[in-house]
Structures are given as C-alpha cells and as structure tokens.
Amino acid sequence: MNIPSQLFYTKDHEWVKIEGDIATVGITDFAQGELGDIVYIEIETIGETFSAEEVFGSVEAVKTVSDLMMPVSGEILSLNEALESTPELINTDPYEAGWLVKIKVEDQGDHLLSAEDYRVLIGG
Amino acid sequence: MENTRIPLHHVHEALGARIIPFGGFEMPVRYSSDKEEHLAVRNGVGVFDVSHMGEFLIEGPHALALIQKVTSNDAAKLIDGQAQYSCLPNHEGGIVDDLIVYRFNTEKYLLVVNASNIEKDWLWVSANNDMKASLSNVSKDYCLFAVQGPKALDVLQSITEVDLAAIKFYHFHEGTLAGIDGIIISATGYTGAGGFELYVKNEQAESLWNQIFQTGTEYDIKPIGLGARDTLRLEMGYCLYGNDIDDKTSPLEGGLGWITKFSKSFINSAALALQKEKGVQKKLIAFEIKGKGIPRHDYPIMNLEGVIIGKVTSGTMSPSLNKGIGMGYVPIGDHQIGTEILIEIRHKKVPAIICKTPFL
C-alpha cells in the first residue's frame, strides 16, 4: 500500500499536503482501491468555506459513491480540472496527478494523521 | 453468521481479488477493474466463479409434478437437455426466488437458485413436496464457472470434443471437457455476452479452472468479479433477486410475464391470473440518465413535477454506454417507454428517460 510519508491523512481516507496556508487534497491509494474505477468527481463548491469534516463534494465510482469531507477548515480555492476528462487519474496516480482540490487553510486542527498512524488505521 | 468460502477461494486470493461477503459467501468482487472486467466479457472472454449458486436435484416419477407446482414457467415444455428460466411464486403475490430449471430426462431435473436463497428455497420446495419427489440439495458438491463473452466458445472448444456450437441457447450437454467427465455444459449466462456455464464437481474444479485459463491465455481471458457481473446483467435489463424482484413483487409487475404460464396451475397461479386480467398497478421499468449522474439502489424516481413515483431498484454506470442506467418500479400510466422522469441523485433532480431493455 502506497502511503507517502511526507503527507498528512484523515480517517476518511484523504491525504493532505500543506504548503504555507494552502492545502492540496486527494484520496488515498487505499481509498481509490476500495472505490474501484472512478467515473467522475462532483465538486461544485469552489469559493465556499467549510469546517473540517463537512462534505464538500462526492466521488462516483462504477459501483459506489462516496462523500468527500473537508480535511481542514477553509475555503475551496480550485479543483483539478484534469479530472473532468480523466477521472481515472485518481485510480492511477492518487497522490500526484489525481489530486482533487486546493484549500486555503483557516484552521488545520489537530486531527490529521501521520503516514504511520494512517497505515495503522487501514490495518496495513 | 460466518460466511462460507467457495472451494477455489485460495485461487481468487492468489489472483489478487478483492473479496466481499455476498449472500452468505465470501466472493471475489473485483480482480483488477470493474470496467476492464466488464469490457473483457463484452468484447472477449472472462470467467466468473459463481460457485455460491445453489443446486437442487429433483428426481423420480413425481419430479415434474413438483416442479410444475412450485415454478411459474411450464416445465412440461422442456425436452431432455433443455433449460428454462423460471421463478418460485409465493402465496402472497410475490416471488420466493428466480431460478433455472434443467431437464436431464423425464425423471431427473436440476434447479439452480440464488446463493442468498438456498436455505429459503430448499425449505420452500421441500414443504411443497406433497407428491414425494426425490429431493437432494447438492449445492455444496458443485462449482459453477460462467465462461462468458464472444470468445468463450473458441476457448472452450479447444478443450472439448463436444460440438459446443451445436448447443443452442438455454440448452445443455453433459460431457467431457478439459479431460474431466460429467461436466454440465450449459449455454446460459447472466451477461448477454454469450458463452457457457460449467457445472463441475468440487474435486475437479481447480483443474478445470486452470485448464480454461491456460487455453484462454491467447484470447486474453480474465477472471471476472461480481462487480462486473452486476453491470453486465444490468445492461441487459436482467433482474437481480433482492433488488428488482423479491417476496413482495409479482412476476407480472417485474416484467416476468413471459415466464408466468397459465397453461398449468402452480402456487398462487389463480391470484396471478386475476392480476393479469385486471392489470398490474405498477411495473418495473428501465431508464437511462440524460447527462451526468449515476442512479443507485433506493434513489427516488420522480415525475417531471418532482413528485416521487417510485424507487430505483438497480442502478449503475454502464461501462459499455458510459452513462447512468437503472431500473425501478413506477405506477402504471407513468411507465411508458419515452416517458421523461427525474432521478434524485444526492439532492439533485437529474433528468432521465424510460427506455427499452436491453440497454445496448
């Protein structure tokens, strides 16, 4: 299971990369494997501000659908436009080309998990 | 309750399958990708291990009488080596299960039932066996591999002397395949892609599986999970028991009038005949989403005024069509092909249109 050590994680199986006050967010390799083929991403919340753990969108796979939860509090700044035409990037490259959104962080909170904690969470 | 492992569990694990509980069994749901597996069956060949399915042998001089009593289709029409899709009506207007009836000869039949219903069906058939036909539940003795797709015949023909092209749809032949005697080679399936279902004794199952895959390599044969099985059957508009039909839905409502034959009497046939005469109140329809959105089980179906008229019973993204498709019950009057409806997908009303099946 690929769990890059430099990223933070949530119990909702998202990863977060924090650079200054900007967080880049995606779903983990484990999550994409559980969901199967991603068909599209529905995120219509650009410019909106949410608290951590609020739903900001959804990810639709062939067999299932899953909510996307805010890993931190903040404003959704942008989404990965490439996913519009190639949502399978989330399956093939979840931590790089398959990123979902960028968030302007208001409060990072203290609930983010380290790579090691996340590995334990998924029983890996 | 502990889920049962099918005999080739270790084979699926070694292939990297994701295993999930399904109908009381641990089943491979996906080996690589739902889409890839789906398209492999549509365009090439794939193999499902559906050994969780149940098999009951009904034998003796009263075998047909029992089958005629418990099933809705007319098994008297079967000839030796022929199979028939049918269902087990209950006394309340609903369906105990859907199944396939195989006739070997006038005194030997095989019923193949859904895995999740094996116990319920067994009790049901046994309880209705007042004619004392010989009954045996052989579900645990057999593996079932569905070799499906346009190239299935080529793969299997290279390991058998049996003339597979001569086995007509919904017919079967008991013969030698991959050097194993007594395999039931059945021209049936749940995919609409063509191919065969092979019933094999547990002891020979792994040998059969391995030989199919060895031979199939040049055809790019793939193992296929339950995920793709569901999208394949839904593209054809085939019912899934527990979703599209159940204890509460009548075969006439569920579009199974074609297997409900009033040329004979069977459990609840009088009430069903009356329902047919009066007309059903609701009907199972198929629809496709216009634009973006994937319908899923239990999502509300609405008319254009936004009034809820039914619920989605099965829904998915169709890997062949690349759009959302589904089925569900709506009242008579709202059911005509071409009717525009709305599916509520996660608080959004998405336009859809009632269409014919198969979707392809």
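Residues numbered from 1 in each chain as written. Chains lettered and ligands numbered in written order. Predicted model: local features only at pLDDT ≥ 70, side-chain atom pairs only at ≥ 80, totals over all residues. Heavy atoms only, no water.

Teacher, can you tell me more about the interface of chain A and chain B here?
A common way to report how large an interface is uses the accessible area buried once the components associate. Facing 20 residues of chain A, the contacting portion of chain B comprises 19 residues. Ranking the residues of chain A by area buried against chain B places Asp37(A), Val62(A) and Lys63(A) at the top, with a combined share of 38%. Applying the counting rule to chain A against chain B returns six salt bridges. The closest approach of N and O atoms between Asp230(B) and Lys63(A), which form a salt bridge, is 2.8 Å. At the boundary of chain A and chain B, one finds 17 residue pairs in polar contact (both at pLDDT 80 or more). Contributing elements (two or more residues each) for the side of chain A that touches chain B: helix 1 (29–35), strand 4 (38–42), strand 6 (55–61) and strand 7 (65–69) of chain A. Residue classes in the side of chain A that touches chain B are distributed as seven nonpolar, five polar and eight charged. (Contact = heavy atoms within 4.5 Å. Buried area = accessible area lost by both parts, 1.4 Å probe. Salt bridge = Lys/Arg side-chain N within 4 Å of Asp/Glu carboxyl O. Polar contact = N/O pair within 3.5 Å; in protein donor to acceptor, adjacent residues only side chain to side chain. Helix = DSSP H or I, 4+ residues; strand = E, 2+ residues; numbered from the N terminus. Nonpolar A, V, L, I, M, F, W, Y, C, P; charged D, E, K, R; others polar.)

Looking at this model, I keep getting lost on helix 4 (residues 118–127) of chain B. Mind explaining?
Residue pairs spaced three or four apart in an α-helix point in one direction, given the helix's 3.6 residues per turn. Residue and element names in this part refer to chain B. Among all positions in helix 4, only Ile 118, Asp 121, Trp 124 and Val 125 are buried. Buried residues of helix 4, seen end-on, are gathered within an arc of 135 degrees and therefore sit on one face of the element. Opposite the packed face of helix 4, turned more than 90 degrees from it, sit the exposed residues Glu 119, Leu 123 and Ala 127. (Buried < 20%, exposed > 50% of the residue type's maximum accessible area, 1.4 Å probe, protein only. Arc of directions from axis to C-beta.)

Please clarify how the packing of helix 2 (residues 34–43) of chain B against helix 7 (residues 226–236) of chain B should be interpreted in this entry.
Two measures define how a pair of helices packs: the angle their axes make with one another and the distance between the axes. Residue and element names in this part refer to chain B. Look at helix 2 against helix 7: their axes get within 8 Å of each other, and the N-to-C directions meet at 55 degrees. Classified by the angle between their axes, helix 2 and helix 7 sit oblique to one another. For helix 2 against helix 7, the interelement crossing comes out right-handed. Across the interface between the two elements, Asp 34, Glu 37, His 38, Val 41 and Arg 42 of helix 2 pack against Gly 227, Ala 228, Thr 231, Leu 232, Glu 235 and Met 236 of helix 7. Taken together, the residues of the contact of helix 2 with helix 7 sort by class into four nonpolar, three polar and four charged. (Axes fitted to C-alpha atoms, helices over the stretch in contact; angles between N-to-C directions. Parallel < 35°, antiparallel > 145°, perpendicular 65-115°, else oblique. Left-handed = near helix turned anticlockwise from the far one by under 90°.)

When you look at the nonpolar core in this model, what are you seeing that I'm missing?
Residues and elements named next belong to chain B. Ranked by size, the top nonpolar core spans 40 residues in total, and within it Phe 48, Tyr 102, Leu 110, Tyr 199 and Ile 245 carry the most contacts. Broken down by secondary-structure element, the contributors of at least two residues to this core are helix 2, strand 6 (82–89), strand 7 (95–105), strand 8 (108–113), strand 10 (142–148), helix 7, strand 15 (282–289) and strand 18 (323–331). Residue contributions to this core peak at four residues, all from strand 7. Not counting the four nearest positions on each side in its chain, Phe 48 is found in contact with Val 41, Leu 144, Phe 145, Ala 146, Gln 148, Thr 191, Ile 224, Gly 225, Arg 229 and Leu 232. The next biggest cluster of nonpolar side chains, apart from the first, holds 31 residues, and it includes Val 45, Ala 187, Trp 209 and Phe 213. (Core = buried A, V, L, I, M, F, W, Y, C linked by side-chain atoms within 4.5 Å.)

Can you help me understand the pattern of salt bridges in this one?
Side-chain pairing between opposite charges can occur once the charged atoms of the two side chains come close. All names here are of chain B. Scanning the model with the defined rule gives 22 salt bridges over all chains in all. Across the salt bridge formed by Asp 230 and Arg 233, the nearest N and O atoms sit 3.0 Å from each other. Of this pair, Asp 230 and Arg 233 both sit in helix 7, three residues apart, which is roughly one turn of the helix. Take Arg 233: its relative accessible area is 0%, and that puts it in the buried class. For Lys 323, the salt bridge is made with Glu 288, and the minimal N-O distance between the two is 2.9 Å. Of the two residues, Lys 323 sits in strand 18 while Glu 288 sits in strand 15, which places them 35 residues apart along the sequence.

Mind showing me how you'd approach unusual backbone geometry here?
The bulk of non-glycine residues show a negative phi, and the bulk of peptide bonds are trans. All names here are of chain B. The step from Thr 357 to Pro 358 runs through a cis peptide bond, and the omega angle for that step is -5 degrees. Topologically, Pro 358 is positioned in the segment after strand 20 (348–355). A positive phi is found at Ala 178, a non-glycine position, where the angle reads about 55 degrees. Positionally, Ala 178 belongs in the loop between strand 11 (172–177) and strand 12 (180–186). Within the chain, Asp 298 stands out as a residue other than glycine whose phi angle is a positive 80 degrees. Along the chain, Asp 298 turns up in the loop between strand 15 and strand 16 (300–302). The partly exposed category is assigned to Asp 298, whose relative accessible area is 42%.

Looking at this structure, how should I read the packing of aromatic side chains?
The description of an aromatic ring pair uses the distance of the two centres, along with the angle that the planes make with each other. Residues and elements named next belong to chain B. The final tally for this structure, using the stated rule, is 12 aromatic pairs over all chains. Centre to centre, the rings of Phe 145 and Trp 209 are 5.2 Å apart; their planes meet at 70 degrees, and the pair counts as edge-to-face. One end of the pair, Phe 145, is in strand 10; the other, Trp 209, is in helix 6 (residues 202–216), and 64 residues separate them in sequence. The two residues Phe 145 and Trp 209 agree in class, both being buried. Look at Phe 262 and Phe 266: their rings are 6.0 Å apart centre to centre, the planes differ by 25 degrees, and that puts the pair in the stacked class. Residue Phe 262 is classed as partly exposed on the basis of its relative accessible area of 30%. Residue classification places Phe 266 among the buried residues on the basis of a relative accessible area of 6%. Three or more aromatic residues joined by ring pairs make a cluster, and in this case those are Tyr 102, Phe 104, Phe 172 and Tyr 199. The ring of Tyr 329 carries the charged tip of Lys 282 above its face, separated from the ring centre by 4.9 Å. (Phe/Tyr/Trp six-rings, centres within 6.5 Å; stacked < 30°, edge-to-face > 60°. Lys NZ or Arg CZ within 6 Å of the ring centre and 35° of its normal.)

So what exactly am I meant to see when it comes to the layout of surface pockets here?
Rolling a probe over the atoms, with the probe sized like a water molecule, indicates the empty space that remains. All names here are of chain B. Quantified by volume, the second largest pocket comes out at close to 460 Å³. Lining of the second largest pocket is provided by 23 residues; of these, Thr 4, Phe 25, Ala 115, Ile 118 and Lys 140 occupy positions nearest its centre. For the lining of the second largest pocket, the element with the most residues is helix 4, which contributes three residues. Looking at side-chain class alone, the lining of the second largest pocket contains nine nonpolar, 10 polar and four charged residues. (1 Å grid on protein atoms, 1.4 Å probe; cavity = no way out; pocket = protein on both sides within 12 Å on 5 of 7 lines; lining within 4 Å. Points joined across faces, edges and corners; volume = space filled by probe spheres on them.)

Can you walk me through helix 3 (residues 63–70) of chain B in this structure?
Inspection of helix 3 of chain B places Ala63(B), Leu66(B), Ile67(B), Gln68(B) and Val70(B) among the buried residues, and these make up the whole buried set. Contact partners of the buried residues in helix 3 of chain B: strand 5 (54–59), strand 6, strand 7, strand 8, helix 4 and strand 9 (134–137) of chain B.

Teacher, can you tell me more about the environment of Asp49(B) here?
Residue and element names in this part refer to chain B. Among the secondary structure elements, Asp 49 is positioned in strand 4 (residues 46–49). Through-space distance from the C-alpha of Asp 49 to that of His 9 is 9.5 Å; in sequence the pair is 40 residues apart. A polar atom in the side chain of Asp 49 sits 2.7 Å from the side chain of His 12. A polar contact is formed between the side chain of Asp 49 and the side chain of Ser 51, at a distance of 2.4 Å.

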